[in-house]
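These are the residues of each chain, in order.
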There are 2 protein chains.
Amino acid sequence: MKCTLISIGDELLIGQTVNTNASWLGEQLNNLGFSIVFGAVIPDDKAEILNTLYKSSLNSEIIIMTGGLGPTKDDITKHTLCEYFETPLVLNPEIEKKIIYYFQSVNRPILKSNKDQALLPENCTILPNSRGTASGMWFEKENKIYISLPGVPYEMKGIMQEYVFPKLLSKIGGEKLVLNKTIRTHGMGESFLAEIIKSWEDDLVQSEIKLAYLPSPGIVKLRLTAIGINNERLKDKLELATSKLKDLIPNEIYGYENATMEGVVGELLIKKKCSLATAESCTGGSVAKMITSISGSSSYFNGSIVSYSNDSKINLLGVKNQTLIDYGAVSKQVVEEMAVDVKIKLKTDYGISTSGIAGPGGGSKDKPVGTVWIAVSGKNGVVSKKLTLGYNRERNIHVSSLSVLNLLRLELLKI
Amino acid sequence: MKCTLISIGDELLIGQTVNTNASWLGEQLNNLGFSIVFGAVIPDDKAEILNTLYKSSLNSEIIIMTGGLGPTKDDITKHTLCEYFETPLVLNPEIEKKIIYYFQSVNRPILKSNKDQALLPENCTILPNSRGTASGMWFEKENKIYISLPGVPYEMKGIMQEYVFPKLLSKIGGEKLVLNKTIRTHGMGESFLAEIIKSWEDDLVQSEIKLAYLPSPGIVKLRLTAIGINNERLKDKLELATSKLKDLIPNEIYGYENATMEGVVGELLIKKKCSLATAESCTGGSVAKMITSISGSSSYFNGSIVSYSNDSKINLLGVKNQTLIDYGAVSKQVVEEMAVDVKIKLKTDYGISTSGIAGPGGGSKDKPVGTVWIAVSGKNGVVSKKLTLGYNRERNIHVSSLSVLNLLRLELLKI
């Protein structure tokens, strides 16, 4: 079934909010076998909403709108929906009760604008919002389904998962299936990777599998898509292609689908019963933040020392002053001492460390911006690696963090 | 002048890539006075690209496309553009030279797919890409401007800034001006804030200023929009409204436009000649990462101790074992000791700390998930604050990090 996603809000058009709702909806719907044919971003404007609803209905069976349902004055979506579906706004006493209860439970005063959210179009099915006060709405008109949801991601996702997905799934009985498999790689650029896997890619055409390269800083995702009727056959085809690729680039593939580097490393640490500490200079806490983004990471992660000054490298970690004088903070010697020291200080099985010039300032001829050293100290001694990155601070910090976690991953696979 | 943004790529529709390009373009164009009327996300599909180009031209003077120009096989945009603009692909020897030079300078082998990127539509103006190998293209047809750019954000932004913005700005002489001012607040939810500033908001209508609330976790941005001809008059109107709001919520406004909490705090630390260290438990490095995302932060930030275990709180920071036994790790007493201790350990003027239950696991009846203590130790002694947040781990970490930086900001304003 074809879907169109309509995102409503001036803040999206002028870029004050990034449209993560559309990405999330696209991903979820695609995984369930729906086909997303168009995405529209439009202003909080009655004529534009009406026009886009009409045009979308020509090309899609399902139209999902997000945004424009908040309690403040910049929202007009609800009134426009009433016009499009030719229905009045009526007070829904049950929703009103829920809104009042919600505000009592979080101990906040209730305002008129909040109560007004119980005014809803008469001919829609209400999709209750257990996380906020703006209800979702499900309309049907001329065999098309229209769904309107609040723009707050947390609330929108809740309503989709509790009500919309189950309802939609019951509609797609005999349709063609679209199966995707995403393979995540680290350590090779897009063009270089494409050259290495060229013959494998050529074989995909015969297997009727489509391939897309999805590069982002430090990562290239490969998305395989197979379309057909038999679920098991499609799955087998994707598995076979994946296993052939694994033979070609065994070290570069770190995970599948939505796996994250920090999640994969966390699982390995649990499996190998190892604990971890980090010593960060140029990454400034980014590695620790990635690791602790995983719920339950406290079972293997003891902590981090972010030693952002030479002084703190000496006093907190125990790096030798002489090493800093002889080789400078951005060096193999210092980053290896950091990894060894933090492992001892925090009494862990593994210590990982970073030291580099994230930029845009601070570079020299010998050590230009983007020069980063990373190290892992653990059961097989110390390994370190020099990275030569670019000029973008944010990107350098991110790629360095990913790389040191990958170096740890490869070390953990050896024990 | 009206603009439409077209983002090309299956990966956007199925949510494997978040459409940050459209946000960035929208923000930049809006700031320059262009009006973004529509955003479209479409698949790598010839018919859909042709159709969307045509429809966009009915409603906009400027059409900007991103994506679909990479070296790998999933790209078809360039051929479709040749069809739409009725022009052949021809080899551009200058671009070919640049591509070869680029690969030599980064010391990577050059592939045929890279060289093919020098094949470009004959009747376009080429927009050189100094950061990659896919050139941008500028077409004009029936008084409309069409711009096609690579989808890699870093490359797209480079081409926009070097070539497209200057060229576009020369086109908007006598148009109406749209001025925006964004006011950033922390510490009040959207509905509550709306109630407090209601009378101010009502006055805006008379001043012909539009207001939008843009809530995100821990932050509500207020966007004021004024439209007119006289630039100075519009600026004055926005300044007056802003200064009136400042009287109403002096502690909540932390910055304007694209200011970040970490940037504002960094500037204050420089101005007051103070240094900073952080001790993080539940935020796990997130506060340090925010601080060090600012280039030059090493001049005021000495480092962080991420004490993720009780052991590390005692050994690395010097928190008393008895305090942990008596009050638990998530307590006023522990978080205050952490802030005081890290300030001493890292020899700084200020120490800030966090300890809490980020969730989703780890809560108890007395201290449910979302209970977080934050503290600041500095020139006026120690202050601390309890936060009562929700159940979302990522959000709790982010809001806690913002809150402790804001507590520091308010303390720095007192000295």
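Just so you know, these numbers come straight off a predicted model, no measurement behind them.

About the cut-offs
- Residues numbered from 1 in each chain as written.
- Chains lettered and ligands numbered in written order.
- Predicted model: local features only at pLDDT ≥ 70, side-chain atom pairs only at ≥ 80, totals over all residues.
- Helix = DSSP H or I, 4+ residues; strand = E, 2+ residues; numbered from the N terminus.
- Buried ≥ 20, exposed ≤ 12 C-beta atoms within 10 Å, placed from the backbone.
- Contact = placed C-beta atoms within 7 Å.
- Least-squares fit on C-alpha atoms with pLDDT ≥ 70 in both.
- Core = buried A, V, L, I, M, F, W, Y, C linked by C-beta atoms within 7 Å.
- Domains from an automatic or database assignment.
- Nonpolar A, V, L, I, M, F, W, Y, C, P; charged D, E, K, R; others polar.
- Pairing = 2+ DSSP bridges.
- Axes fitted to C-alpha atoms, helices over the stretch in contact; angles between N-to-C directions.
- Parallel < 35°, antiparallel > 145°, perpendicular 65-115°, else oblique.
- Left-handed = near helix turned anticlockwise from the far one by under 90°.
- pLDDT = per-residue confidence, 0-100.
- Expected span 1.5 Å × (residues − 1).
- Arc of directions from axis to C-beta.

**Some words on the overall build of chain A**
- Looking only at helices and strands, chain A features 16 helices and 17 strands.
- In chain A, buried positions account for 48% of the 415 residues.
- The long-range share in chain A, meaning contacts at least 24 apart out of those at least 6 apart in sequence, stands at 66%.

**As for the relation of the copies chain A and chain B**
- For the pair chain A and chain B, the best superposition has an RMSD of 0.1 Å and corresponds to a rotation of 180 degrees with a translation of 0.0 Å parallel to the axis. Expressed as a symmetry operation, the mapping of one chain copy onto the other fits a two-fold axis.
- Here 99% of the contact residues of chain A are again contact residues in chain B; the copies associate through an equivalent surface.

**Describing the nonpolar core**
- Counting residues in hydrophobic clusters, the biggest one holds 94 residues, and the most contacted among them are Met338(A), Ala339(A), Met338(B) and Ala339(B).
- Those residues in contact with Met338(A) that sit more than four places away from it in its chain are Ala279(A), Lys313(A), Leu317(A), Val319(A), Ser353(A), Ser355(A) and Ala375(A).
- In this structure, Ala40(A), Ile95(A), Ile145(A) and Ile36(B) belong to the second largest nonpolar core, which totals 82 residues.

**A few points about the domain arrangement of chain A**
- The domain boundaries assigned to chain A delineate domain 1 (2–169), domain 2 (177–256) and domain 3 (264–414).
- For the side of domain 2 of chain A that touches domain 3 of chain A, a count of residues per class yields 2 nonpolar, 5 polar and no charged.

**A short note on the interface of chain A and chain B**
- Opposite the 72 residues of chain A that make contact, chain B presents 71 residues.
- It is helix H2 (residues 20–31) of chain A that provides the largest number of residues to the side of chain A that touches chain B, a total of 8 residues.
- Looking at the side of chain A that touches chain B, its residues break down into 28 nonpolar, 31 polar and 13 charged.
- Direction of pairing for strand E2 (residues 35–42) of chain A relative to strand E2 (residues 35–42) of chain B: antiparallel, over a ladder of 3 bridges. Counterpart to Val41(A) in the pairing with E2(B) is Gly39(B).

**Quick word on the environment of Lys141(B)**
Residue and element names in this part refer to chain B.
- Inspection of the secondary structure assignment puts Lys141 in strand E7 (residues 136–141).
- Here the alpha-carbon distance between Lys141 and Leu238, two residues 97 residues apart in the chain, equals 38 Å.
- Those residues in contact with Lys141 that lie beyond four places of it in its chain are Phe85 and Tyr146.

**Things to note about the sheet that holds strand E11 (residues 219–228) of chain B**
Residues and elements named next belong to chain B.
- Pairing is antiparallel in the open sheet, where 4 strands are placed in the order E10-E11-E9-E12. Two strands in the sheet have a free side with no partner beyond their single neighbour: strand E10 (209–216) and strand E12 (253–256). In this sheet, neighbouring strand axes are inclined to one another by 25 degrees on average, regardless of whether the strands run parallel or antiparallel.
- Sheet topology places strand E9 (residues 177–185) next to E11; 9 bridges connect them, and they run antiparallel.

**A word on the pairing of E2(B)**
Residues and elements named next belong to chain B.
- E2 sits mainly inside the fold: 6 of its 8 residues count as buried.
- Two strands pair when backbone bridges link them, and strand E1 (residues 2–8) and E2 are joined in this way by 7 bridges, in the parallel orientation. Counted as the bridge partner of Ile8 is Ile42 from E2.

**Comments concerning the sheet that holds strand E7 (residues 136–141) of chain A**
- Reading across from one edge, E6(A)-E7(A)-E8(A)-E3(A)-E1(A)-E2(A)-E2(B)-E1(B)-E3(B)-E8(B)-E7(B)-E6(B) is the order of the 12 strands in this open sheet, with mixed pairing throughout. The open sheet has two edge strands with one neighbour each: strand E6 (125–127) of chain A together with strand E6 (125–127) of chain B. Neighbour-to-neighbour, the strand axes of the sheet open up by a mean angle of 20 degrees, direction not taken into account.
- Two strands pair when backbone bridges link them, and E6(B) and E7(B) are joined in this way by 3 bridges, in the antiparallel orientation. Within E7(B), the position partnered with Thr125(B) by the bridge is Trp138(B).

**Side note on unusual backbone geometry**
All names here are of chain A.
- Between Gly359 and Pro360 the backbone carries a cis peptide bond, its omega angle lying at 0 degrees.
- Relative to the assigned elements, Pro360 resides in the loop between strand E15 (350–356) and strand E16 (371–378).
- Despite not being glycine, Glu208 has its phi angle at roughly 55 degrees, a positive value.
- Taking the number of C-beta atoms within 10 Å as the measure of exposure, Glu208 has 12 and is therefore exposed.

**Observations concerning the packing of helix H11 (residues 261–271) of chain A against helix H16 (residues 393–414) of chain A**
All names here are of chain A.
- Contact geometry of H11 with H16 gives a least axis separation of 10 Å together with a crossing angle of 30 degrees. Here H11 is positioned roughly parallel relative to H16, judged by the angle of their axes. Our pair here, H11 against H16, has a crossing hand that is left-handed. Seen from H11, the contacting residues are Met261, Glu262, Val264, Val265, Leu268 and Leu269; seen from H16, they are Leu402, Leu405, Asn406, Leu408, Arg409 and Leu412.

**Observations regarding the confidence of the model for chain A**
- Considering every residue of chain A, the mean pLDDT works out to 91; 97% of them sit at 70 or more.
- Two numbers describe this predicted complex: its pTM, 0.73, and its ipTM, 0.71.

**Some words on helix H10 (residues 231–248) of chain B**
Residue and element names in this part refer to chain B.
- Between the first and last C-alpha of H10 there are 27 Å, a value that for 18 residues agrees with the 26 Å anticipated at 1.5 Å per step.
- Within the span of H10, buried status applies to Leu234, Lys237, Ala241 and Leu245. Down the axis of H10, the buried set is contained in an arc of 70 degrees. They therefore lie on one face. Exposed residues pointing more than 90 degrees away from the buried face of H10 are listed as Asn231, Glu232, Asp236, Glu239, Leu240, Ser243, Lys246 and Asp247.
- The inward-facing, buried residues of H10 abut E9, helix H9 (198–206), E10 and E11.

**Topic: the environment of Met160(A)**
Residue and element names in this part refer to chain A.
- With respect to the helices and strands, Met160 occurs in helix H7 (residues 153–169).
- Considering only alpha carbons, one finds Met160 and Ala40, 120 residues apart in sequence, at a separation of 19 Å.
- Those residues within four positions of Met160 in sequence are excluded, and the remaining contacts are Gln28 and Phe165.

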